[in-house]
Amino acid sequence: MTATADTLPDAPGLYRIWFDLHAPLDVRVGALGCLSLPEGRYAYTGSARGGIRARVARHLRADGPRRWHIDWVLPHGRIVCVESHPHPAVSECALNAEPLAWPGVETAVRRFGASDCRCAGHLIRAPRWMPVPLYSDARLTAGERLRVRLLRPDDEERLGDYFLGLSDRTRSLYGPHAFDRPTARAICAALDPRDMLRIVATMDGPRNEEIVAYLLLKLGVRESDGKRYAALGIKLDPSRTAALAPSVADAWQNRGVAGAVMPTLFAMARSVGLRRIVLWDGVIADNHLAQGFYRKWGFVKVGEFTTSALNYDMVADIGEEP
Ligand SMILES: CC(C)(COP(=O)(O)OP(=O)(O)OC[C@H]1O[C@@H](n2cnc3c(N)ncnc32)[C@H](O)[C@@H]1OP(=O)(O)O)[C@@H](O)C(=O)NCCC(=O)NCCS
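Residues numbered from 1 in each chain as written. Predicted model: local features only at pLDDT ≥ 70, side-chain atom pairs only at ≥ 80, totals over all residues.

Glancing now at the pairing of strand β15 (residues 300-306). Here six bridges tie β15 to strand β16 (residues 310-317), and the two strands are oriented antiparallel to one another. Paired with Phe-305 across the two strands is Asn-311, which belongs to β16. Where β15 folds back onto β16 in an antiparallel hairpin, the turn is made up of three residues. (Pairing = 2+ DSSP bridges. Helix = DSSP H or I, 4+ residues; strand = E, 2+ residues; numbered from the N terminus.)

Quick look at the structure:
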């Protein structure tokens, strides 16, 4: 995930370029002829046998030779991020189709980038509220590979397994909702990224993909958080603020898992216009691990409040997209 090609892997694989068109575009695209593209958020999915970095760098060079369909369109867009998939678990066409499961996402142009497959087209258009990247790869210092992505409707069973595995201590520190299978089912049946980003980190386990972290980013200002910040004299802009509630499976805590999620979480947050993240109901004063984690990711303490325990309010300003 990056907005330039420099940090992309050299390895062959798949890539997905997310870009915004801020105004409708009429453009001639090679053999496809003249296309009219409405404003919106777009994703182009491609495969690069000769290396992801070299191919994406070529696409991003505005003055480069135009060989692929996307080369006619990209110079008119604003790149939001680039996903790289050097070890794709799915085919190029399946990766391209993944976002189509979200409401409002559609194939933008038939046959675009799909001259040699049976796909409808490899350029899709999404609403501007679509948080991106939808996916990123991360590696823990100990070497384990993580996938970071939005929770999907088909995660019901994985999420239920994750909830049931949480210890009483983790549940008591992390309480945005109940942790049982009916809750997992209800959540997966009603996903709405306009209201809440539900971000998971997964690993390959004995029974396929397993969720090892589940982080919530509630968009807007929650009433109870808003009241405390108002009392502190801090005005939170609901269109720019979200509340964070992170959790990691007990066996994986303090091993860098949530840290591996944060760059993607910040990128997703920025991509939907957020600039500030507060803690959902603060953090308990004696939860030192969580505070160490928050400080590491730029959160600063701005206040204290008491419920059944002493809590701290912490806030991070995440800036704009690079
Ligand atoms: C809080 C939580 C989400 C953090 O996720 P994580 O994957 O364990 O965090 P990471 O391993 O990425 O980072 C933890 C950091 O805190 C630091 N840390 C650990 N113990 C610490 C302590 N006692 N004091 C200060 N810092 C500490 C670690 O050194 C690490 O920083 P480093 O990477 O520079 O070494 C996770 O531990 C969790 O789910 N805890 C239970 C639920 C919870 O408390 N949720 C938050 C509610 S506010």
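Next comes the rest of the description.
According to the domain assignment, the protein chain contains domain 1 (13-126) and domain 2 (135-317). Relative placement of domain 1 and domain 2: their C-alpha centres are 31 Å apart. Across the boundary between the two partners, domain 1 contributes four residues, which contact five residues of domain 2. Residues belonging to the side of domain 1 that touches domain 2 are distributed by class as follows: three nonpolar, no polar and one charged. (Domains from an automatic or database assignment. Contact = placed C-beta atoms within 7 Å. Nonpolar A, V, L, I, M, F, W, Y, C, P; charged D, E, K, R; others polar.)

As a further point, take the site of the ligand. Within the structure, the ligand sits among 22 residues, and Leu-173, Ala-258, Gly-259, His-288 and Gly-292 are positioned closest to it. Broken down by element, the shell around the ligand gets its largest block of residues, six residues, from helix α9 (residues 288-296). Tallied by class, the residues present in the shell around the ligand amount to eleven nonpolar, nine polar and two charged. (Near = placed C-beta within 6 Å.)

With that settled, consider the nonpolar core. Counting 82 residues, the largest nonpolar core has Ile-199, Ala-201, Ala-213, Leu-215, Leu-217, Val-257 and Val-261 as its most contacted members. In terms of residue count, helix α8 (residues 257-271) provides more of this core than any other element does, nine residues in total. Of the domains in this structure, domain 1 (13-126) and domain 2 (135-317) are the two that each give at least three residues to this core. Excluding residues that lie within four positions of it along the chain, Ala-213 makes contacts with Val-200, Ala-201, Ser-247, Val-248, Ala-249, Val-257, Ala-258 and Val-261. (Core = buried A, V, L, I, M, F, W, Y, C linked by C-beta atoms within 7 Å. Buried ≥ 20, exposed ≤ 12 C-beta atoms within 10 Å, placed from the backbone.)

Turning next to the sheet that holds strand β4 (residues 40-48). Strands in a sheet are paired, the pairing made by backbone hydrogen bonds, and the direction either parallel or antiparallel. On the basis of which strands lie adjacent, the open sheet formed by five strands has the order β5-β1-β4-β7-β6 and antiparallel pairing. Every other strand in the sheet has two partners, leaving β5 (78-85) and β6 (106-107) as the edge strands with one partner each. As paired elements, β6 and strand β7 (residues 123-126) share two bridges and run antiparallel to each other. Within β7, the position partnered with Glu-106 by the bridge is Arg-125. Along the sheet face, helix α1 (residues 52-60) touches β1 (13-21), β4 and β5 and points at about 25° away from the line of β1. (Axes fitted to C-alpha atoms, helices over the stretch in contact; angles between N-to-C directions.)

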